[in-house]
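Observations on the three-dimensional arrangement
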Amino acid sequence: MAAPVFRFAPSPNGELHLGHAYSALLNLKMARETDGKILLRIEDIDITRCTQELEKQMLEDLEWIGFEWDEPPRRQSENLSDYRDALLELERNGLIYPSLMSRAEIRAQIAELESNQTVWPRDPDGSPIYPGNEREKLPIDRPLLESTLGKFNIRLDVETAMLLSGTELNWQESGAGPRGETGETPADPKQWGDVILARKDTPTSYHLACVVDDELQGITHIVRGQDLFYATAIHRLLQYVLDLPEPIYHHHALVLDTGGQKLSKSRHDTSLRQLRESGISVKELKDLIKLP
Ligand code: GLU
């Protein structure tokens, strides 16, 4: 059997915190224990929030905690044509459409739908699912992407993609989801609605770039925080319709603060930089995060 390949995929859009240290070091540990490889991917497609300064700091933080990687890092902003190729393939299969509603129109439509006591469904992150129905009105003639990429958000037609994949979409979970889900886990992409695959101002999205990169980097094991557990349903659907291999998933519990709250990149007290500057040793940091 080929050696497993793991990855840590942070976004340089804020300071790394204890949760990132846990995830990075768990990936490294699992790779070393299985004679596998560990890769670094810099998820920097959000040009408004990701900066070179934050990336530099992120690499320093990773070096400080002893995270190492086996090949030069892959930087998403340098590989935009790979995501475009994937979009073109989805377009050829009639699985994407430009979404025409602005944010204000979406908000207004949902407010109207909810004004008579119906509760419009929310996705697992709590955002209302997209209410537009443009895909029903799509002209038959294509290509649409050529004329709409960069002007509109491009969405995945989840229902049609599900029809292609059949009902048996699932994944192998060797960790656990927020409700203890483990083992063979059914994927329910519909709970996300028609997710965005490319944005008006960014020619891809997290979901698309993530599955394309996982395949291009040959990732076999995805170890990441439980906050991304339900997103796996969309990733599995994309892997299916783009004919990409299925990795094994391992979602780990999040590191919480002393009050039991999720850590965030906007808080400084648990940032790796702050901890390093306060004089804490790496051994103390590892004791804090209780790596298994
Ligand atoms: N870039 C994502 C984050 O920083 C992680 C993506 C992933 O592991 O799939 O939360």
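Notes on the structure in this doc start here.

Thresholds applied
Note on numbering: residues in each chain are counted from 1, in written sequence order. Given that the model is predicted, a residue must reach a pLDDT of at least 70 before its local features are reported, and side-chain atom pairs must reach 80 or more before they are shown or counted; all residues, however, enter totals for whole chains, interfaces and linings. With hydrogens and water stripped out, all remaining heavy atoms of the structure feed into the side-chain values. Aromatic pairs are defined between Phe, Tyr and Trp rings, using the six-membered ring for Trp, whenever the two ring centres lie within 6.5 Å; interplanar angles under 30 degrees are classed as stacked, those over 60 as edge-to-face, and all others as tilted. Helix and strand definitions follow DSSP, with helices as H or I runs of at least four residues and strands as E runs of at least two, each counted in order from the N terminus. Relative accessible area decides the class of each residue, using a 1.4 Å probe on protein chains only: under 20% of the type maximum gives buried, over 50% gives exposed, and in between gives partly exposed. Only Lys NZ and Arg CZ are tested; either one counts as a charge over a ring when it is within 6 Å of the ring centre and within 35 degrees of the ring normal. For this description, a residue counts as near a given molecule or strand if any of its non-hydrogen atoms is within 4 Å of it. As used in this structure description, the phrase polar contact means that two N or O atoms lie within 3.5 Å; if the pair is within protein, one of them must be able to donate a hydrogen and the other to accept it, and residues adjacent in sequence are counted only when both atoms belong to side chains. Note on areas: Shrake-Rupley with a 1.4 Å probe; residue coverage comes only from the protein chains shown. For this classification, the nonpolar set comprises Ala, Val, Leu, Ile, Met, Phe, Trp, Tyr, Cys and Pro, the charged set comprises Asp, Glu, Lys and Arg, and every other residue, Gly included, is treated as polar. We call two residues in contact whenever any of their non-hydrogen atoms come within 4.5 Å of each other. A helix is expected to span 1.5 Å for every residue after the first. Strand pairing is defined by DSSP finding a minimum of two bridges between the two strands. Axes here refer to lines fitted to C-alpha atoms; in helices the fit is confined to the stretch in contact. Angles between the N-to-C directions go from 0 to 180 degrees. Convention used here: a crossover is right-handed provided that the path from the first strand, over the helix, to the second strand proceeds clockwise when the strands point away from the viewer.

We now examine the packing of aromatic side chains. With the rule as written, the count across this model stands at 5 aromatic pairs. Aromatic side chains phenylalanine 8 and phenylalanine 67 sit 5.6 Å apart centroid to centroid with 70° between the ring planes, which places their arrangement in the edge-to-face category. Note that phenylalanine 8 is positioned in strand E1 (residues 5-8) and phenylalanine 67 in the loop between helix H2 (52-65) and strand E3 (74-75), a separation of 59 residues in sequence. Accessibility expressed as a relative area gives 5% for phenylalanine 8, which makes it buried. Ring geometry for tryptophan 171 and tyrosine 249: centres 6.4 Å apart, planes at 70°, overall edge-to-face. In this pair, tryptophan 171 is assigned in strand E6 (residues 170-173) and tyrosine 249 in strand E10 (residues 248-252), connecting sequence segments 78 residues apart. With respect to class, tryptophan 171 is no different from tyrosine 249; both count as buried. Ring pairing ties together the aromatic residues Trp171, Phe229, Tyr230 and Tyr249, which thus form one cluster. The ring of tyrosine 130 has arginine 155 lying over it, and the distance from NZ or CZ to the ring centre is 3.6 Å.

With respect to spatial proximity, the complete set of residues near the ligand consists of Arg7, Ala9, Pro10, Ser11, Glu43, Tyr206, Cys210, Arg224 and Leu228. Contact between the ligand and tyrosine 206: an oxygen atom at 2.8 Å from a side-chain N or O atom of the residue. The contact in question runs from an oxygen atom of the ligand to an N or O atom on the side chain of arginine 224, over 2.9 Å. Relative to its unbound accessible surface of 300 Å², the ligand loses 80% to contact with the protein. A class-by-class count of the residues in the shell around the ligand yields 5 nonpolar, 1 polar and 3 charged.

This part takes up the side chain of serine 205. Relative to the helices and strands, serine 205 is located in the loop between strand E8 (196-198) and helix H7 (206-216). Every residue in contact with serine 205, bar those within four places of it in the chain, is listed here: Ile45, Ile196, Leu197 and Ala198.

The next point concerns helix H4 (residues 103-115). Here H4 contains 13 residues, and its C-alpha end-to-end distance of 18 Å stays within 8% of the 18 Å for a straight helix at 1.5 Å per residue. Looking at the residues trailing H4, positive phi occurs at glutamine 117, about 70°.

A few words now on the sheet that holds strand E4 (residues 96-99). The antiparallel open sheet is built from 3 strands, whose spatial order is E4-E5-E8. One side of each edge strand has no neighbouring strand; the edge strands of this open sheet are E4 and E8. Strand-to-strand twist across the sheet, computed as the mean angle between neighbouring axes with direction ignored, equals 45°. Pairing of strand E5 (residues 153-156) with E8, which is carried by 2 bridges, proceeds in the antiparallel orientation.

With that out of the way, let us pick up unusual backbone geometry. Backbone geometry at aspartate 35 places phi at a positive 55°, although glycine is not the residue there. Residue aspartate 35 is classed as exposed on the basis of its relative accessible area, which comes to 68%. Positive phi, normally seen in glycine, also occurs at lysine 290, with a value near 50°. Looking at the element boundaries, lysine 290 is found in the segment after helix H10 (282-289). For lysine 290, a relative accessible area of 65% corresponds to the exposed category.

The next thing to look at is the pairing of strand E2 (residues 37-42). With 5 of 6 residues buried, E2 lies mostly within the body of the structure. Bridging between E1 and E2 involves 4 bridges; their strand directions are parallel. Across the sheet, residue arginine 7 finds its bridge partner in E2, namely leucine 39. Considered for its hand, the β-α-β crossover made up of E1, helix H1 (residues 18-33) and E2 is right-handed. After leaving E2, the chain enters H2 and then returns to the sheet as E3, a path that is right-handed.

Among the structural elements, serine 264 can be located in the loop between E10 and helix H9 (272-277). Spatially, the C-alpha atoms of serine 264 and glycine 19 are 8.9 Å apart, while their sequence positions differ by 245 residues.

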